[in-house]
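Analysis of the macromolecular model
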Amino acid sequence: MREYLIMTDGAADIPAEKMDDKGLIVIPMIFNIKDIAYEHFQDFRDMGSDEFYSGMKRGGLPTTEPLTKSKYVEEFEKVVKGGKDIIYICVSGGLSESFKAAEEAAEELKKKYPEASISAIDSKNISVGEGLLVLEALRIKYAGIVHEGAVKHLEIVKEKIKTLFFVDDIMHLKRRALIPKNEPSPVAALKVRTVYSLDEGGKISLRTKVRGNQNAIDYVSNVIKKEHEDKRLISISHAAAPDRGFKLQDVLNEKCPDSEVLVTMLGLITGTFTGPATVVAAYHSK
């Protein structure tokens, strides 16, 4: 039986402690600043987090490009030519056109390489939520679960991975048409934090609005305490806001003492949509 590799894209945020894995291939994604294209890798080799988010605070408006069918064909073919199969975990199809392109590329290559198994999975998630599904894929791969069984398992688990995030300024979500343009923007002076989740279709859904970072942290941590599955990883990412990210980690360590809680930087792909100082938390629900 052929070995399979786990593949994902640059929108998945995976804690550095979990990234050293030869069974994982990450396809970088493109973001543009002032007509200059950069590739985003999980190690931020093209541009650092602080530089990126500082530019956004000064009024820079980066954009992203979905991965194309031709890019997927190129990356997938490298693997199947080497005699290995693929499970590809994609950023939410409700937010990006990448998943559709991945499916089309997989179908094209299966005609050219009929012996190959190439499965594209819509994570219905972003950032550390997508990252948790990638880590689950790696876990079951090394547990000896075969390709077909792994795909079935991941399709079930992805529905249980929940993500919450709060932002300082909803303008970035509005300009990318990820939330309604008529959604009222909080008054900046009031320091209102808008908390969102992802719905069953992988689209962004408003949860609540609270005053200040501490109330946002309390809201997110209380939801996770109530819903999360004990002893499963809780993953946090932050957009150049370590004070918020590590504060949430401290609170979750107290409220969920049986679960590992890790913090990483929010990738520049998701950050393009959510803006500076965003905090994201993902967990396995019961």
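Refer to the structure presented above.
What this report covers is the structure whose coordinates are included nearby. Predicted, not measured: the structure shown is a model, and the values here were computed from it. (Residues numbered from 1 in each chain as written. Predicted model: local features only at pLDDT ≥ 70, side-chain atom pairs only at ≥ 80, totals over all residues. Heavy atoms only, no water.)

Remarks on the side chain of Glu 136
Take Glu 136: it is sitting in helix α4 (residues 127–142). The buried category is assigned to Glu 136, whose relative accessible area is 4%. Within the structure, Glu 136 has its side chain in polar contact with the side chain of Arg 139 (distance 2.8 Å). Residues contacting Glu 136, with those up to four places away along its chain left out, are His 153, Leu 154, Val 157, Arg 232 and His 284. (Helix = DSSP H or I, 4+ residues; strand = E, 2+ residues; numbered from the N terminus. Buried < 20%, exposed > 50% of the residue type's maximum accessible area, 1.4 Å probe, protein only. Polar contact = N/O pair within 3.5 Å; in protein donor to acceptor, adjacent residues only side chain to side chain. Contact = heavy atoms within 4.5 Å.)

So, the packing of α4 against helix α5 (residues 147–157)
At their nearest, the axes of α4 and α5 sit 10 Å apart, and the two run at 150 degrees to each other. In terms of orientation, α4 and α5 fall into the roughly antiparallel class. Between α4 and α5 lies a crossing whose hand is right-handed. Here Leu 133, Glu 136, Ala 137, Arg 139 and Ile 140 of α4 lie close against α5, whose contacting residues are Ala 150, His 153, Leu 154 and Val 157. Each residue belonging to the contact of α4 with α5 can be placed in one class, and the counts come to six nonpolar, one polar and two charged. (Axes fitted to C-alpha atoms, helices over the stretch in contact; angles between N-to-C directions. Parallel < 35°, antiparallel > 145°, perpendicular 65-115°, else oblique. Left-handed = near helix turned anticlockwise from the far one by under 90°. Nonpolar A, V, L, I, M, F, W, Y, C, P; charged D, E, K, R; others polar.)

A few points about the nonpolar core
In this structure, Ile 6, Tyr 72, Phe 76, Ile 87, Tyr 88 and Ile 204 are the most contacted members of the largest nonpolar core, which totals 71 residues. A total of eight residues in this core trace back to one element, the largest contributor, which is α4. (Core = buried A, V, L, I, M, F, W, Y, C linked by side-chain atoms within 4.5 Å.)

As for the packing of aromatic side chains
The relative placement of two aromatic rings is captured by the distance of their centres and the angle of their planes. If you walk through the whole model with that rule in mind, you get seven aromatic pairs. Seen in terms of ring centroids, Tyr 72 and Phe 76 are 5.4 Å apart; in terms of plane orientation they differ by 35 degrees. Their pairing is tilted. Here the residue Tyr 72 and the residue Phe 76 both occupy positions in helix α2 (residues 69–81), the gap between them amounting to four residues, near one helical turn. Here Tyr 72 falls in the buried class, since its relative accessible area comes to 0%. On the basis of relative accessible area, Phe 76 is assigned to the buried category, the value being 0%. Here Tyr 72 and Tyr 88 contribute two aromatic rings whose centre-to-centre distance is 5.1 Å and whose plane-to-plane angle is 70 degrees, an arrangement assigned as edge-to-face. On the criterion of sequence distance, the pair formed by Tyr 72 in helix α2 and Tyr 88 in strand β6 (residues 85–90) is long-range, its members being 16 residues apart. Members of the aromatic cluster, joined through ring pairs, are Phe 31, Tyr 38, Phe 52 and Tyr 53. Here the guanidinium or amino end of Arg 45 rests over the ring plane of Phe 41, the centre of that ring lying 3.8 Å away. Taking NZ or CZ as reference, Lys 141 lies 5.1 Å from the ring centre of Tyr 4, over its face. (Phe/Tyr/Trp six-rings, centres within 6.5 Å; stacked < 30°, edge-to-face > 60°. Lys NZ or Arg CZ within 6 Å of the ring centre and 35° of its normal.)

Focus on the sheet that holds strand β5 (residues 63–65)
The strand order across the open sheet formed by three strands is β4-β3-β5, and the pairing between neighbours is antiparallel. Edge positions in the sheet fall to β4 (36–40) and β5, since each has one partner strand and no second. Sheet twist, expressed as the average angle between the axes of neighbouring strands with direction ignored, equals 35 degrees. The pairing of strand β3 (residues 29–33) with β4 spans five bridges and is classified as antiparallel. Paired with Phe 31 across the two strands is Tyr 38, which belongs to β4. (Pairing = 2+ DSSP bridges.)

Observations concerning α4
One turn of the α-helix equals 3.6 residues, which is why residues spaced by three or four share an orientation. Under the 1.5 Å per step criterion, the end-to-end length of α4 is 23 Å for 16 residues, consistent within 8% with the ideal 22 Å. Burial analysis of α4 places 14 of its 16 residues in the buried class, which makes it a mostly covered element. One or two positions beyond α4, positive phi appears at Gly 144, with a value near 95 degrees. (Expected span 1.5 Å × (residues − 1).)

Description of unusual backbone geometry
Here the phi dihedral of Phe 44 falls at roughly 60 degrees; this positive angle occurs in a residue that is not glycine. Inspection of the secondary structure assignment puts Phe 44 in the loop between β4 and α1 (49–57).

A look at the sheet that holds strand β8 (residues 161–167)
Overall, mixed pairing links the six strands, which are arranged β10-β9-β8-β13-β11-β12 in an open sheet. Sheet topology places β10 (204–211) and β12 (261–265) at the edges, where each strand pairs with a single neighbour. Shown here is a sheet whose adjacent strand axes are inclined to one another by a mean of 20 degrees, direction ignored. Relative to strand β13 (residues 279–284), β8 runs antiparallel, the two being bridged by six bridges. Residue Phe 166 lies in a different strand from β13, and its bridge partner there is Val 279. Sheet strands touched by α4: β8, β11 (234–238), β12 and β13. Its angle to β13, the strand with the most contacts, is close to 35 degrees.

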